[in-house]
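Structural overview for review
Residue-level listing of the chains:
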Amino acid sequence: MDWFNLNGIKCVLDTMPIVKNISHLEVGTDQRLLVVAMYVTPSMKVPVFFVNLTTLSEYQKDAHTSVYTIRQDKLLNPEQKADPETYADCIHWCLLGLPDTWNDVIWLVSFGLLR
């Protein structure tokens, strides 16, 4: 199941973020990468502060480009749009709100205003 879509059609037709108060979402994120980042960054020689924006992003399932994406410099054609299992892009973000929120959080952390 991807993004709580029982039909398993990724992020297609999602127009609202997840609004349920769920402490941990299971939407297919590879948690192993987060674990590695959380344990590696504190031991680096150059000080690095790990800002985990993953959970915040997971709630914004409606922010993906879905079938309104570009492949090889061309918009998807109607046949490709009709096959979201193959062509939907549920990786990239297109709504302004989410990347702007990432920038705001990183800016606040950079100036010590958020921990």
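Residues numbered from 1 in each chain as written. Predicted model: local features only at pLDDT ≥ 70, side-chain atom pairs only at ≥ 80, totals over all residues. Heavy atoms only, no water.

A word on the overall build of the protein chain. Across its full length, the protein chain holds 5 helices and 4 strands. Secondary structure elements of the protein chain occur, N-terminal to C-terminal, as α-α-β-β-β-α-α-β-α. Looking at the 115 residues of the protein chain, the share that counts as buried comes to 29%. The long-range fraction of contacts in the protein chain, counting pairs at least 24 apart against all pairs at least 6 apart in sequence, stands at 65%. Accessible surface computed for the protein chain: about 8,600 Å², of which carbon and sulfur atoms make up 60%. (Helix = DSSP H or I, 4+ residues; strand = E, 2+ residues; numbered from the N terminus. Buried < 20%, exposed > 50% of the residue type's maximum accessible area, 1.4 Å probe, protein only. Contact = heavy atoms within 4.5 Å. Areas by Shrake-Rupley, 256 points an atom, 1.4 Å probe, with all protein chains shown as cover.)

The next thing to look at is the side chain of T41. Tracing the backbone shows T41 in the loop between α1 (31-40) and α2 (54-58). A relative accessible area of 12% means that T41 is categorised as buried. Looking at T41, its side chain comes within polar contact range of the main-chain oxygen of A37, at 2.8 Å. With sequence-adjacent residues up to four places away left out, T41 is seen in contact with V48 and F50. (Polar contact = N/O pair within 3.5 Å; in protein donor to acceptor, adjacent residues only side chain to side chain.)

At Q72, a residue that is not glycine, the phi angle is positive and equals roughly 50°. Mapped onto the elements of the fold, Q72 is located in the loop between β2 (70-71) and β3 (74-75). Residue Q72 is classed as exposed on the basis of its relative accessible area of 78%. Even without being a glycine, D73 presents a positive backbone phi close to 65°. Relative to the helices and strands, D73 is located in the loop between β2 and β3.

Take the packing of aromatic side chains next. Considering all chains together, one arrives at 1 aromatic pair under this definition. Relative to F111, the ring of W107 has its centre 4.9 Å away and its plane inclined at 50°; by these criteria the two rings are tilted. (Phe/Tyr/Trp six-rings, centres within 6.5 Å; stacked < 30°, edge-to-face > 60°.)

This part is about a nonpolar patch on the surface. A surface patch of nonpolar side chains, amounting to about 420 Å² of accessible area, comprises V36, V40, M44, V46 and V48. Residue V40 is classed as partly exposed on the basis of its relative accessible area, which comes to 41%. (Patch = residues over 30% accessible without salt bridge, like charges linked within 9 Å, V, L, I, M, F, W, Y side chains within 5 Å. Salt bridge = Lys/Arg side-chain N within 4 Å of Asp/Glu carboxyl O.)

Moving on to the confidence of the model for the protein chain. Taken as a whole, the protein chain shows an average pLDDT of 77; of its residues, 77% reach a score of 70 or greater. Mean pLDDT across the elements of the protein chain ranges from a minimum in strand β4 (residues 89-93), with 71, to a maximum in helix α3 (residues 78-81), with 91. (pLDDT = per-residue confidence, 0-100.)

Counting through the fold element by element, L76 comes out in the loop between β3 and α3. Owing to a relative accessible area of 5%, L76 belongs among the buried residues under this scheme. Taking the C-alpha atoms as reference points, L76 and Y87, separated by 11 residues in sequence, lie 8.1 Å from one another. Excluding its chain neighbours within four sequence positions, the residues that come into contact with L76 are V67, T69, R71, K81 and Y87.

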